[in-house]
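For reference, the chains in residue letters:
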Amino acid sequence: MATDVHRTVSTTSRAQAVHVEGLSRSFDGRAVIDGLRLDVRPGEFVALLGRSGCGKSTLLRILAGLDRDIEGTVLVPRRKAVAFQAPRLMPWKKVWRNVVLGLPGKPQRALAERALAEVGLGGRATAWPRTLSGGEAQRASLARALVREPDLLLLDEPFGALDALTRIKAQRLVGELWQRRGCAVLLVTHDVEEAVLLADRVLVMDDGVIAHEQPVDLERPRDLTDPRFARLRARLLQRLGVDPTAEEA
Ligand SMILES: Nc1ncnc2c1ncn2[C@@H]1O[C@H](COP(=O)(O)OP(=O)(O)O)[C@@H](O)[C@H]1O
Ligand SMILES: [Mg+2]
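Residues numbered from 1 in each chain as written. Chains lettered and ligands numbered in written order. Predicted model: local features only at pLDDT ≥ 70, side-chain atom pairs only at ≥ 80, totals over all residues.

Draft legend 1. Just the overall build of the protein, in detail. Across its full length, the protein carries eight helices and ten strands. The C-alpha atoms of the protein give 18 Å as radius of gyration, which agrees with the globular expectation for 249 residues (18 Å, within 12%). Considering only C-alpha atoms, the protein reaches an extent of 50 × 45 × 35 Å along its principal axes. Across the 249 residues that make up the protein, the buried fraction comes to 38%. (Helix = DSSP H or I, 4+ residues; strand = E, 2+ residues; numbered from the N terminus. Rg over C-alpha atoms; globule rule 2.2 N^0.38 Å. Buried ≥ 20, exposed ≤ 12 C-beta atoms within 10 Å, placed from the backbone.)

Draft legend 2. Focus on unusual backbone geometry. Here the residue pair Arg220 and Pro221 is connected by a cis peptide bond, since its omega of -5° sits within 30 degrees of zero. Assignment of secondary structure puts Pro221 in the loop between strand E10 (209-215) and helix H7 (227-239).

Draft legend 3. Representation of the site of ligand 1 in the model. The environment of ligand 1 is made up of Phe27, Val32, Gly50, Ser52, Gly53, Cys54, Gly55, Lys56, Ser57 and Thr58. Residue classes in the shell around ligand 1 are distributed as three nonpolar, six polar and one charged. (Near = placed C-beta within 6 Å. Nonpolar A, V, L, I, M, F, W, Y, C, P; charged D, E, K, R; others polar.)

Draft legend 4. Quick peek at the sheet that holds strand E9 (residues 201-206). Strand order in the open sheet formed by six strands is E6-E7-E8-E4-E9-E10, with mixed pairing between adjacent strands. The sheet is open, and its two borders are formed by strand E6 (80-83) and E10, each paired with just one other strand. Strand-to-strand twist of the sheet, defined as the mean angle between neighbouring strand axes without regard to direction, takes the value 20°. Relative to strand E7 (residues 152-156), E6 runs parallel, the two sharing four bridges. Considered in E7, the bridge of Lys80 is made with Leu152. On the sheet, helix H1 (residues 56-63) packs against strand E4 (45-49), E6, E7, strand E8 (184-188) and E9 and is oriented at approximately 150° with respect to E8. Contacts between helix H4 (residues 134-146) and the sheet are confined to E6 and E7, with E6 contributing the most and set at about 170° to the helix. (Pairing = 2+ DSSP bridges. Axes fitted to C-alpha atoms, helices over the stretch in contact; angles between N-to-C directions. Contact = placed C-beta atoms within 7 Å.)

Draft legend 5. Just the packing of H4 against helix H5 (residues 164-181), in detail. Taken N-terminus to C-terminus, the directions of H4 and H5 make an angle of 15°; their axes are 10 Å apart at the nearest point. One element, H4, and the other, H5, form an angle in the roughly parallel class. Considering how the two elements wind past one another, H4 and H5 form a crossing that is right-handed. Contacts between H4 and H5 pair Gly134, Gly135, Gln138, Arg139 and Leu146 from the former with Thr166, Lys169, Ala170, Leu173 and Leu177 from the latter. A per-class count over the contact of H4 with H5 returns four nonpolar, four polar and two charged. (Parallel < 35°, antiparallel > 145°, perpendicular 65-115°, else oblique. Left-handed = near helix turned anticlockwise from the far one by under 90°.)

Draft legend 6. Main features of the UniProt feature "domain: ABC transporter" (unreviewed entry) in the protein. On the UniProt side, "domain: ABC transporter" (unreviewed entry) is annotated at positions that read residues 18-232 here. Taken end to end, residues 18-232 is 32% helix and 28% strand, and its first and last C-alpha atoms sit 25 Å apart. (UniProt positions renumbered as here; feature names shortened; annotations may be inferred.)

Draft legend 7. Highlighting H7. Across its 13 residues, H7 extends 19 Å between first and last C-alpha, which sits within 8% of the 18 Å expected from 1.5 Å per residue. A positive phi of about 80° marks Gly241, the residue just after H7. (Expected span 1.5 Å × (residues − 1).)

Draft legend 8. Inspection of H4 at higher detail. Over its 13 residues, H4 runs 18 Å from end to end, which matches the ideal 18 Å to within 8%, given 1.5 Å per residue. Within H4, eleven of the 13 residues are buried, which leaves the element mostly enclosed by the surrounding structure. Looking at H4, one finds that the buried residues are Gly135, Ala137, Gln138, Arg139, Ala140, Ser141, Leu142, Ala143, Arg144, Ala145 and Leu146. As for H4, its buried residues are in contact with E6, helix H2 (95-100), helix H3 (109-118), E7 and H5.

Draft legend 9. Summary view of the nonpolar core. Judged by nonpolar contacts, the single largest core of 69 residues is most densely connected at Val99, Leu116, Ala143, Val185 and Ala199. When residues of this core are assigned to their parent elements, the largest contribution, six residues, is made by H4. Sequence-distant contacts of Val185, that is, excluding residues within four places in its chain, are made with Phe45, Val46, Leu153, Leu155 and Trp178. (Core = buried A, V, L, I, M, F, W, Y, C linked by C-beta atoms within 7 Å.)

Draft legend 10. Geometry of the environment of Asp39. Mapped onto the fold, Asp39 is located in strand E3 (residues 30-40). Judged by local crowding, Asp39 falls into the partly exposed class, with 15 C-beta atoms found within 10 Å. Sequence separation between Asp39 and Leu75 is 36 residues, and the spatial gap between their C-alpha atoms is 9.4 Å. Residues contacting Asp39, with those up to four places away along its chain left out, are Gln16, Val18 and His19.

Draft legend 11. Structural context of the pairing of E4. Among the five residues of E4, five are classified as buried, and the element is accordingly described as predominantly covered. The alternating pattern of E4 places Phe45, Ala47 and Leu49 on one face and Val46 and Leu48 on the opposite face, and all of these are buried. Of the strand pairs in this sheet, E4 and E9 are connected by four bridges, and their pairing is parallel. Counterpart to Val46 in the pairing with E9 is Arg201.

The following block contains the structure:
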């Protein structure tokens, strides 16, 4: 039986931001994650694809330290932050208070305002969450992650609920934040195009493990009309069991 280890590591002292080995997680006797291995380099942007229900969110929650009922080894940085598909803002707290919610010590408004400015919400610090649009709420949720100065940013389908245009803007923002901050990112998405657009490496999860891995060696900013982009996209769709030609039809 594997030893259960969930430890935090300093990324500066390690070659990896994330090191996962022999990770298993079962629900009611059914293994959703089954001997998974994963390494993420400091500063690397990794996208994680996989059919619905294959265990992506389960893996992300484990990396975030929200689920410790595991077998195997999980090494992650102490400074990590997570943003989910739903922004999860407390409606009775102003935006800036949501951003610093849970931080130790006295809530610092200036800190929140800096993070909000970084996501383009500089003027909304004292707004109530219900007055934000979907895209703004999602950006506030990103600010809440950034204010933690993470070495590892975990994103679980953060653009899933946004309309197409807002989604493109949010994707661009995440790309910029990543380049500026230099943190490692693990982005769970069901959107192959988004994965190829943003990631250094795209992983496909299946049967409880990382079943496929695809480096994306395209210069940034990426060009969706580049034939190499289309080839990568088609290959990944195939790995996901989607016929790329049928999808275009
Ligand atoms: N707390 C839980 N209790 C029981 N089953 C769960 C729990 N969380 C996740 N599962 C199951 O684990 C599987 C993987 O779920 P999830 O990680 O959310 O998939 P994904 O994010 O890839 O869509 C699903 O079958 C889901 O029903
Ligand atoms: Mg999920």
